[in-house]
Amino acid sequence: GQQLNQSPQSMFIQEGEDVSMNCTSSSIFNTWLWYKQDPGEGPVLLIALYKAGELTSNGRLTAQFGITRKDSFLNISASIPSDVGIYFCAGRLNTGNQFYFGTGTSLTVIP
Amino acid sequence: NAGVMQNPRHLVRRRGQEARLRCSPMKGHSHVYWYRQLPEEGLKFMVYLQKENIIDESGMPKERFSAEFPKEGPSILRIQQVVRGDSAAYFCASSPSLNTEAFFGQGTRLTVV
């Protein structure tokens, strides 16, 4: 199956700092999604991207669909304690049905 | 508009028993995905269904696992003769069509003892 490389694997930041994480693939995707998962819960959709170069914001979150269609980035500005969790990227191939998930970025925000 | 509903949230089964996991998609959604997640890992695709049809089951083990999404009622993921290695969180997601985002339920945590 497809491998999505997500980095960094974990981040420890001070409250108020900005956060950046990214996801790369060896294949071209036509959709990128970003999710946040809290312990014991299901993934919650944060942002959906459908076009190369697309830049979309959701509050303090901003995500971009890479020009090459093989990567995506998620930025969180002015982090707060409730941003703590695991962030997953997910992508779908042009010819595929399923979403492939990255390995996740664990975010810890220190008050 | 209720989200994706999965039940039960927690399920304990003895080795050899059957596990039935249910998923009711969001209203208006006719596409359902099932994923499995092991602790500290990402989500692995199992199967994709539309109403009454299995579209892609490439991620599902060939034996003991089956899925359905009948015309009426929830989607069911069925695991027969469970083994300890089946212990995991199973998530269902739904979408209104193929090329749109998918929304996840809260999952069913299966423990095989």
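Peer 1: When you look at the pairing of strand β3 (residues 19-24) of chain B in this model, what are you seeing that I'm missing?
Peer 2: All names here are of chain B. Side chains A19, L21 and C23 project from β3 onto a buried face, and the interleaved R20, R22 and S24 project onto a face without burial. In terms of strand pairing, strand β1 (residues 5-7) meets β3 through three bridges, oriented antiparallel. Counted as the bridge partner of Q6 is C23 from β3.

Peer 1: For this particular structure, what's the right way to read unusual backbone geometry?
Peer 2: One can expect most non-glycine residues to show negative phi and most peptide bonds to be in trans. Backbone torsion omega between A:S7 and A:P8 reads -5 degrees, so that peptide bond is classified as cis. In this fold, A:P8 is placed in the loop between β1 (4-7) and β2 (10-14). Residue B:P8 is bonded to the preceding B:N7 through a cis peptide linkage, with omega at -5 degrees. The phi angle at A:R69 is positive, at roughly 70 degrees, despite the residue not being glycine. Residue placement: A:R69 occurs in the loop between β7 (61-65) and β8 (71-76).

Peer 1: Just checking my understanding: could you explain the sheet that holds strand β7 (residues 65-68) of chain B for this structure?
Peer 2: Hydrogen bonds between backbone groups are what pair the strands of a sheet, and the pairing can be parallel or antiparallel. Residues and elements named next belong to chain B. Read from one edge to the other, the open sheet built from four strands follows the order β1-β3-β8-β7, with strand pairing classed as antiparallel. Looking at the sheet topology across the chains shown, the edges are occupied by β1 and β7. Ignoring which end each strand starts from, the neighbouring axes of this sheet average 15 degrees apart.

Peer 1: Mind showing me how you'd approach the interface of chain B and chain A here?
Peer 2: Note: interface size is frequently given as the accessible area lost on complex formation between the parts. Contact residues are listed per partner, giving 23 residues for chain B and 19 residues for chain A. Its largest share of buried area at the contact with chain A, chain B owes to B:L43, B:E101 and B:F104, together 27% of the area lost on that side. Inspection of the region where chain B meets chain A yields zero salt bridges. Run the count over chain B and chain A and you get nine residue pairs in polar contact (both at pLDDT 80 or more). Of all the elements in the fold, those that place two or more residues in the side of chain B that touches chain A are β4 (31-37), β5 (43-50), β6 (53-56) and β10 (103-104) of chain B. The residue makeup of the side of chain B that touches chain A, split by class, is eleven nonpolar, seven polar and five charged.

Peer 1: What is the right way to look at the environment of A:Q9 in this model?
Peer 2: All names here are of chain A. Note that Q9 resides in the loop between β1 and β2. Its relative accessible area of 67% is what places Q9 among the exposed residues. The spacing of Q9 and S57 is 48 residues in sequence and 23 Å in space, taken between C-alpha atoms. Discounting residues that sit within four places of it in the chain, Q9 has contacts with G104, T105 and S106.

Peer 1: Got a minute to help me understand the pattern of salt bridges in this structure?
Peer 2: Opposite charge on two side chains makes pairing possible when the charged atoms of those side chains draw close. Enumeration according to the criterion identifies five salt bridges over all chains in this entry. A:K36 is the salt-bridge partner of A:D38, the closest N and O atoms lying 2.8 Å from each other. Residue A:K36 is classed as buried on the basis of its relative accessible area, which comes to 14%. Between B:E18 and B:R78 there is a salt bridge whose closest N-O contact spans 2.9 Å. In this pair, B:E18 sits in the loop between β2 (10-13) and β3 while B:R78 sits in strand β8 (residues 75-79), placing the two residues 60 residues apart along the sequence. Relative accessible area serves as the criterion here: at 29%, B:E18 is assigned to the partly exposed category. Among the charged side chains, a network of salt bridges with common partners joins B:E18, B:R20 and B:R78.

Peer 1: Sorry if this is basic, but what is going on with the state of the cysteines here?
Peer 2: Simply put, disulfide is the name for a covalent bond between the sulfur atoms of two cysteines. All names here are of chain B. Tallied over the full model, the rule gives two disulfides over all chains. Between the sulfur atoms of C23 and its disulfide partner C92 the distance amounts to 1.8 Å. Given an S-S torsion of about -50 degrees, the disulfide between C23 and C92 has left-handed geometry. Residue C23 is found in strand β3, and its partner C92 is found in strand β9 (residues 88-95); the two are separated by 69 residues along the sequence. Overall, the relative accessible area of 0% leaves C23 in the buried class. The buried category is assigned to C92, whose relative accessible area is 0%.

The rules behind the values
- Residues numbered from 1 in each chain as written.
- Chains lettered and ligands numbered in written order.
- Predicted model: local features only at pLDDT ≥ 70, side-chain atom pairs only at ≥ 80, totals over all residues.
- Heavy atoms only, no water.
- Buried < 20%, exposed > 50% of the residue type's maximum accessible area, 1.4 Å probe, protein only.
- Helix = DSSP H or I, 4+ residues; strand = E, 2+ residues; numbered from the N terminus.
- Pairing = 2+ DSSP bridges.
- Axes fitted to C-alpha atoms, helices over the stretch in contact; angles between N-to-C directions.
- Contact = heavy atoms within 4.5 Å.
- Buried area = accessible area lost by both parts, 1.4 Å probe.
- Salt bridge = Lys/Arg side-chain N within 4 Å of Asp/Glu carboxyl O.
- Polar contact = N/O pair within 3.5 Å; in protein donor to acceptor, adjacent residues only side chain to side chain.
- Nonpolar A, V, L, I, M, F, W, Y, C, P; charged D, E, K, R; others polar.
- Disulfide = S-S within 2.5 Å.

Read these as spatial facts, not as claims about activity.
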